[in-house]
Amino acid sequence: APDYPDVELSHQLVDSMAMKLIEQPLAYDVIVTENMFGDILSDLAASISGGIGLAPSSSLGAARPGLYEAIHGSAPDIAGKGIANPTAMILTVAMMLRDLDQTEAANAIESAAIHCLEHGPTTPDLGGSATTDEVGAAIAALIQNREVTT
């Protein structure tokens, strides 16, 4: 906290933090916690924002690079069915690229993913009928064709 004087620091127990996230999700930009509580709170926050298929994630310590993964992990219960939403993992790659100072690439990926969320195609978890591969291909095509702004 001393290194970030513009950031308000407050301590919160995990159970009351879960309640606060539900009641006021927009009140928080960053939550720092250890792994288990972070996993629980990040799943909760992902659900509030539209589902775990949309939430990128990284676990960062003092040493870099960190571990980058979608909030939902590997989703073994739906593996091979073509219904997983790839957006969280794609946005995770953008997050990683931004941390590696590859801002232009990160912006292009984020813009393409947002375009697909707004205009389709989307996977069944968001009310669409596209497969995992179709959404991934649509996002890749937008980036390759430079059809989104960075």
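Anything mentioned here points back to the structure above.
We now turn to the structure provided with this report.

Rules used throughout
- Residues numbered from 1 in each chain as written.
- Predicted model: local features only at pLDDT ≥ 70, side-chain atom pairs only at ≥ 80, totals over all residues.
- Heavy atoms only, no water.
- Core = buried A, V, L, I, M, F, W, Y, C linked by side-chain atoms within 4.5 Å.
- Buried < 20%, exposed > 50% of the residue type's maximum accessible area, 1.4 Å probe, protein only.
- Helix = DSSP H or I, 4+ residues; strand = E, 2+ residues; numbered from the N terminus.
- Contact = heavy atoms within 4.5 Å.
- Expected span 1.5 Å × (residues − 1).
- Arc of directions from axis to C-beta.
- Polar contact = N/O pair within 3.5 Å; in protein donor to acceptor, adjacent residues only side chain to side chain.
- Axes fitted to C-alpha atoms, helices over the stretch in contact; angles between N-to-C directions.
- Parallel < 35°, antiparallel > 145°, perpendicular 65-115°, else oblique.
- Left-handed = near helix turned anticlockwise from the far one by under 90°.
- Nonpolar A, V, L, I, M, F, W, Y, C, P; charged D, E, K, R; others polar.

Here's the deal with the nonpolar core
Consideration 1: The biggest cluster of nonpolar side chains holds 14 residues, and the ones touching the most others in it are I109, C116 and I139.
Consideration 2: Looking at which element gives the most residues to this core, the answer is helix α4 (residues 103–119), with 5 residues.
Consideration 3: Setting aside its immediate chain neighbours within four residues, C116 contacts P121, T122, A138, I139 and L142.

A look at unusual backbone geometry
It is generally the case that most residues other than glycine have a negative phi and that most peptide bonds are trans.
Consideration 1: Here the amide bond leading from G120 into P121 is cis, since omega sits at 0°, within 30 degrees of zero.
Consideration 2: Along the chain, P121 turns up in the loop between α4 and α5 (132–144).
Consideration 3: The backbone of D101 shows a phi angle near 60°, a positive value even though the residue is not glycine.
Consideration 4: Its place among the elements puts D101 in the loop between α3 (87–99) and α4.

Thoughts on helix α2 (residues 35–48)
Consideration 1: Taking 1.5 Å of rise per residue, 14 residues should cover 20 Å, and α2 covers 20 Å from first to last C-alpha, within 8% of that figure.
Consideration 2: Every buried residue of α2 is accounted for by G38, L41 and A46. Along the axis of α2, the buried residues cluster in a sector spanning 140°; they form a single face.
Consideration 3: Against α1 (14–23) lie the buried residues of α2.
Consideration 4: N-cap assignment for α2: the residue whose side-chain oxygen lies 3.0 Å from the backbone N of M36 is E34.

Observations concerning the packing of α1 against α2
Consideration 1: Look at α1 against α2: their axes get within 10 Å of each other, and the N-to-C directions meet at 15°. Between α1 and α2, the angle falls in the class roughly parallel. The element α1 and its partner α2 pack so that their crossing is right-handed. Two secondary-structure elements touch here, α1 through V14, M17, A18, L21 and I22 and α2 through F37, L41, L44 and I48.
Consideration 2: Of the residues belonging to the contact of α1 with α2, the class tally is 9 nonpolar, no polar and no charged.

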